[in-house]
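Commentary on secondary and tertiary structure
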Amino acid sequence: MVAAKLIRWTVLAWIVSSLFACDTAKFAADSTSGLFQRAAPAIEQYWDYDTAGAAFPASIIQLEGILRVVPDNEVVVMSTIGAYVGYGNGWIEDRVEVADSEDQWEEAEALRARALIMYERAWDLSKHLMRLRGEDFDEALTKGPDALDEWLHTYLSESADAPLAFWAGASLGARINMGMEDMDTVADLPLAKVFLAHSVELDPDWLFMTPMMTLGVLAASEFPPDMDRAKSIFDVVLEGTERRNLMVQLNMARYYAVNKGDSKLFRDLLNEVLDAGDVLPEARLSNVIARRRAERYLDQIEYFFSDLSE
Amino acid sequence: MSRLRVAFLATVVAGAFMLPGTVTSPPTASAEAATVIRFASLAPAGSAFMKVMKAWNRSLKQQTSNRVELRFYSGGSQGDERDFIRKVRAGQMDAAGVTTTGLGMVARPVLVLTAPGLITEYDQLERARTELNDRFSKLFADAGFQLLAWGEAGKNRIFSVNAFAAPEDLKSGRPWAWKDDPVFAEFVSVIGANPVRLGVPEVYPGLQTRMIDIVPASAIGAVALQWYTRLKYMAKDNFGIIVGGSIIKQEKFDQLSEEDQKALLETSERAARALDTIARRDDDRAYRSMVSRGVVEVDTSAHQAKWDSVAAQTRKNLTGRVYSKSLLDSVQAVVANK
């Protein structure tokens with residue numbers, strides 16, 4: 001009796017697996033994407049910078065492996081893009097800043113090159129996702145900002161598409177930042193802005209208003225800067241986030257206050273970051289990074305302001 | 001589509017978005033040098049320009065045994081070139097890397113180097129700035145500045161929203177002329193167009209609203225300032241080269257020992273020549289990038305005689321107003337003497 005049941009179950013299992021043919025691995029990989037979503041908060045809320053940084057490379061490799069099986073899974077692709085951009089900025093570029101500050105230019109160069117490769121990969125993945133949405137994506141990209149904007153309005157029109165637009169803009173922007181030696185890369189800047197602006201248009205509150213904050217950084221730091229626009233964007237984001245996303249204060253200090261030559265505002269904002277407690281547990285790790293940088297920037301204040309009496 | 005919860009990644013992304021025009025502050029961990037030269041530049045952090053400038057600082061420190069150090073304030077953190085000059089004069093900054101605009105604010109006759117049709121090739125510019133260096137240096141010295149080294153920032157071309165080939169095609173256009181640039185304003189006036197005087201920040205919005213539809217720029221500038229996205233045509237041939245240079249307040253320069261002054265000048269010159277190579281490469285690359293993105297190259301050679309005539313008339317009109325006839329003649333002689 002038991003043997004008969006076992007045989008029946010075995011046969012049933014064989015039939016079921018046959019139905020999926022050779023795609024059991026795909027099935028498993030697709031299922032994993034749901035797991036990523038549920039697990040993400042554990043990383044977001046993590047408190048230790050070094051441990052999180054040490055874990056990132058393995059996560060990236062794992063994601064790349066899953067991508068081999070399910071290359072079109074939006075969640076997995078976006079997780080991979082996010083991992084590259086987040087690790088590149090939060091850890092590698094952090095080391096670039098330190099290497100620069102210690103005059104270790106060879107190390108800084110090597111790290112920049114490493115970050116650039118990661119951002120190139122992230123941008124390639126972003127383009128892959130866009131092509132899945134609309135086959136004429138490359139044509140729109142080549143035609144320039146207006147055509148891209150039109151394309152985005154056609155194919156990414158739901159508020160739920162805000163992350164997709166954001167990650168495309170973020171990966172392209174990060175790539176430009178590290179690849180400024182190539183004017184062809186720099187020429188992509190208007191396209192990155194279109195992606196970001198579209199993300200904000202779809203859902204201005206998404207991710208603690210990070211896409212909008214990024215537009216504020218751009219307004220303050222592109223050439224020529226639009227400081228009034230930057231100020232109004234930062235003010236909106238500060239209010240909208242109840243000053244709990246400390247990256248906003250950090251970036252406002254670094255880009256707006258510095259470019260305005262306002263050392264008092266710079267100090268005030270960075271001290272606010274340092275004095276804030278665990279004000280946003282949902283983005284604890286991000287706020288840890290903000291505090292880390294705030295401390296460094298305050299130590300280097302004379303390198304940001306030529307005249308501290310201003 | 002599923003929403004990703006990767007906030008910790010996203011919230012650090014903005015920091016990665018330091019694009020042209022951002023601030024860099026490369027402090028050094030070594031002991032504070034005896035003399036710090038605060039140097040303003042529009043070159044963005046991470047750019048090839050800024051890398052050369054950092055290398056310049058390393059050479060200078062080495063050559064002066066850490067007695068002199070450059071501290072760069074880059075990417076517009078100190079405003080534009082007008083602000084640079086104001087701050088150097090006020091003692092809030094010591095030195096600056098500027099282009100034609102900044103140099104012209106200090107020593108207006110230097111703008112002769114950008115007179116249309118006069119210097120269009122790099123070797124001509126090299127000869128002019130070498131052979132007439134003493135004369136130009138005196139102009140800077142008289143204004144309270146020491147010229148550290150000459151530089152350049154790409155070939156100056158005409159870009160337009162509308163098709164053009166001959167000078168008269170620009171007559172009905174709305175050409176932009178920078179507030180502090182008497183040269184291009186005169187050039188378009190000779191053509192018969194009315195220059196629209198705006199600051200650099202107003203150019204992009206001006207192109208969007210069609211307040212202007214013609215701009216003079218280098219390919220580097222058209223890309224870095226994102227103007228190219230609003231322009232459709234660009235001249236293959238340039239009517240000049242955007243001249244640049246590094247200048248330091250004389251007072252600050254005089255604070256250095258003779259030995260350190262020599263080291264500063266030597267290292268400046270080496271850095272400037274490396275920067276020239278980069279500027280030429282980037283200008284060429286930016287030009288090709290724009291072509292690949294659909295900006296149409298305009299061959300104006302069929303109307304060269306007309307362009308030459310407009311340029312010659314412009315140079316003549318600027319004589320006495322911007323530079324002397326003697327200076328113009330000297331530059332012309334040097335340029336012609338291959």
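Located above this text is the structure these notes cover.
For clarity, every value in this text was computed on a predicted model and none was experimentally measured.

Another point: the overall build of chain B. Counting its regular elements, chain B contains 13 helices and 10 strands. For chain B, with 338 residues in total, the buried portion stands at 62%. Considering only intrachain contacts with a sequence separation of at least 6, the fraction spanning at least 24 residues in chain B is 76%. Carbon together with sulfur atoms contributes 49% to the accessible area of chain B, which is approximately 12,400 Å² in total.

Right, let's talk about the packing of helix α14 (residues 263-275) of chain A against helix α15 (residues 284-299) of chain A for a bit. All names here are of chain A. Interhelical geometry of α14 versus α15 gives an angle of 140° and a closest axis separation of 9 Å. Relative to α15, the element α14 is oriented oblique. When the axes of α14 and α15 are compared, the crossing they make is left-handed. Residue-level contacts link Phe266, Arg267, Leu270, Asn271, Val273 and Leu274 of α14 to Ala290, Arg291, Ala294, Glu295, Tyr297 and Leu298 of α15. Across the contact of α14 with α15, the residue classes break down as 8 nonpolar, 1 polar and 3 charged.

Our next topic: helix α10 (residues 189-202) of chain A. Residues and elements named next belong to chain A. Under the 1.5 Å per step criterion, the end-to-end length of α10 is 20 Å for 14 residues, consistent within 8% with the ideal 20 Å. Of all 14 residues making up α10, 11 are buried, and the element is well covered by its neighbours. By the burial criterion, the buried members of α10 are Leu189, Pro190, Leu191, Ala192, Val194, Phe195, Leu196, His198, Ser199, Val200 and Leu202. Taken together, the buried residues of α10 touch α5 (105-133), α6 (137-143), α7 (145-155), α8 (162-178), α9 (183-186) and α11 (206-221).

With that settled, consider the environment of Pro182 of chain B. Residue and element names in this part refer to chain B. Mapped onto the elements of the fold, Pro182 is located in helix α7 (residues 182-191). Exposure remark for Pro182: the relative accessible area of 10% places this residue in the buried category. Separated by 73 residues in the primary sequence, Pro182 and Gln255 place their C-alpha atoms 35 Å from one another. Non-local contacts of Pro182, meaning those with residues more than four positions away in its chain, are made with Arg108, Leu111, Arg197, Leu318 and Val322.

The next thing to look at is the layout of surface pockets. One number sums up the size of the second largest pocket: a volume of about 600 Å³. What lines the second largest pocket is a set of 26 residues, among which Lys193 and Glu222 of chain A together with Tyr204, Gln208 and Gln226 of chain B lie closest to the centre. Elements that contribute at least two residues to the lining of the second largest pocket include exactly α7, α10 and α11 of chain A together with α8 (203-209) of chain B. If one sorts the elements of the lining of the second largest pocket by residue count, α10 of chain A sits on top with 4 residues. The class makeup of the residues in the lining of the second largest pocket is 16 nonpolar, 2 polar and 8 charged.

Quick notes on the rules
Residues numbered from 1 in each chain as written. Chains lettered and ligands numbered in written order. Predicted model: local features only at pLDDT ≥ 70, side-chain atom pairs only at ≥ 80, totals over all residues. Heavy atoms only, no water. Helix = DSSP H or I, 4+ residues; strand = E, 2+ residues; numbered from the N terminus. Buried < 20%, exposed > 50% of the residue type's maximum accessible area, 1.4 Å probe, protein only. Contact = heavy atoms within 4.5 Å. Areas by Shrake-Rupley, 256 points an atom, 1.4 Å probe, with all protein chains shown as cover. Axes fitted to C-alpha atoms, helices over the stretch in contact; angles between N-to-C directions. Parallel < 35°, antiparallel > 145°, perpendicular 65-115°, else oblique. Left-handed = near helix turned anticlockwise from the far one by under 90°. Nonpolar A, V, L, I, M, F, W, Y, C, P; charged D, E, K, R; others polar. Expected span 1.5 Å × (residues − 1). 1 Å grid on protein atoms, 1.4 Å probe; cavity = no way out; pocket = protein on both sides within 12 Å on 5 of 7 lines; lining within 4 Å. Points joined across faces, edges and corners; volume = space filled by probe spheres on them.

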